[in-house]
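Structure at a glance
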Amino acid sequence: MKASKQFYVDRGLAVAKSFGSKYVEFATPASSVKLALYGRRAAAKDAGISPDGTGSHRIVIGSDAGPFTDPDGFAWAA
């Protein structure tokens, strides 16, 4: 969580809320969509699925920060 949080802060995202290694929410004032980091179990609970996971674990996120892959392996597209 710490490395992922720092990764996004280094790319200009401001932290809106942070609860240690449990949860980080980034400020997105001009958007109705929020970017937040959860641990695997908390994310699974929030989504109502098993934390063991099944199916695809891929996601592509678009941003104006240019293309990159974050520390969690998610590909960001420009």
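Residues numbered from 1 in each chain as written. Predicted model: local features only at pLDDT ≥ 70, side-chain atom pairs only at ≥ 80, totals over all residues. Heavy atoms only, no water.

**Remarks on the pattern of salt bridges**
Going through the model one piece at a time under the given rule, you end up with one salt bridge. Where glutamate 25 meets lysine 34, a salt bridge forms, and the shortest distance between an N and an O atom there is 3.6 Å. (Salt bridge = Lys/Arg side-chain N within 4 Å of Asp/Glu carboxyl O.)

**Some words on the packing of aromatic side chains**
In the structure shown here, the tally under the stated rule is five aromatic pairs. Taken together through their ring pairs, the aromatic side chains of Phe7, Tyr8, Phe26 and Phe68 make up a single cluster. Its end group placed over the ring of phenylalanine 7, arginine 11 keeps NZ or CZ at 3.6 Å from the ring centre. Above the plane of the ring of phenylalanine 68 lies arginine 11, whose end atom (NZ or CZ) is 5.2 Å from the centre. (Phe/Tyr/Trp six-rings, centres within 6.5 Å; stacked < 30°, edge-to-face > 60°. Lys NZ or Arg CZ within 6 Å of the ring centre and 35° of its normal.)

**Topic: helix H1 (residues 2–10)**
Where H1 is concerned, the buried positions are Ser4, Phe7 and Tyr8. Axial view of H1: buried residues confined to an arc of 90 degrees, hence all on one face. In H1, the exposed residues that point more than 90 degrees away from the buried face are Lys2, Ala3 and Asp10. Among the structural elements, strand S2 (23–26), strand S3 (35–38), strand S5 (68–69) and strand S6 (75–77) are those in contact with the buried residues of H1. (Buried < 20%, exposed > 50% of the residue type's maximum accessible area, 1.4 Å probe, protein only. Helix = DSSP H or I, 4+ residues; strand = E, 2+ residues; numbered from the N terminus. Arc of directions from axis to C-beta. Contact = heavy atoms within 4.5 Å.)

**Section: the pairing of S2**
Residues Tyr23 and Glu25 line one face of S2 and the alternating positions Val24 and Phe26 line the opposite face, and both faces are buried. Strand direction decides the pairing type here: strand S1 (residues 15–19) and S2, joined by four bridges, are antiparallel. Bridge assignment links lysine 17 to a residue of S2, and that residue is glutamate 25. The antiparallel pairing of S1 with S2 creates a hairpin that spans three residues between the two strands, and glycine 20 there sits at a positive phi of about 55 degrees. Where S2 and S3 come together, four bridges link them in antiparallel fashion. When the bridges of S3 are listed, phenylalanine 26 appears paired with leucine 35. (Pairing = 2+ DSSP bridges.)

**Some remarks on the sheet that holds S3**
Strand order across the open sheet formed by three strands is S1-S2-S3, with antiparallel pairing between neighbours. Looking at which strands have only one partner, the edges of the open sheet turn out to be S1 and S3. In this sheet, neighbouring strand axes are inclined to one another by 5 degrees on average, regardless of whether the strands run parallel or antiparallel. (Axes fitted to C-alpha atoms, helices over the stretch in contact; angles between N-to-C directions.)

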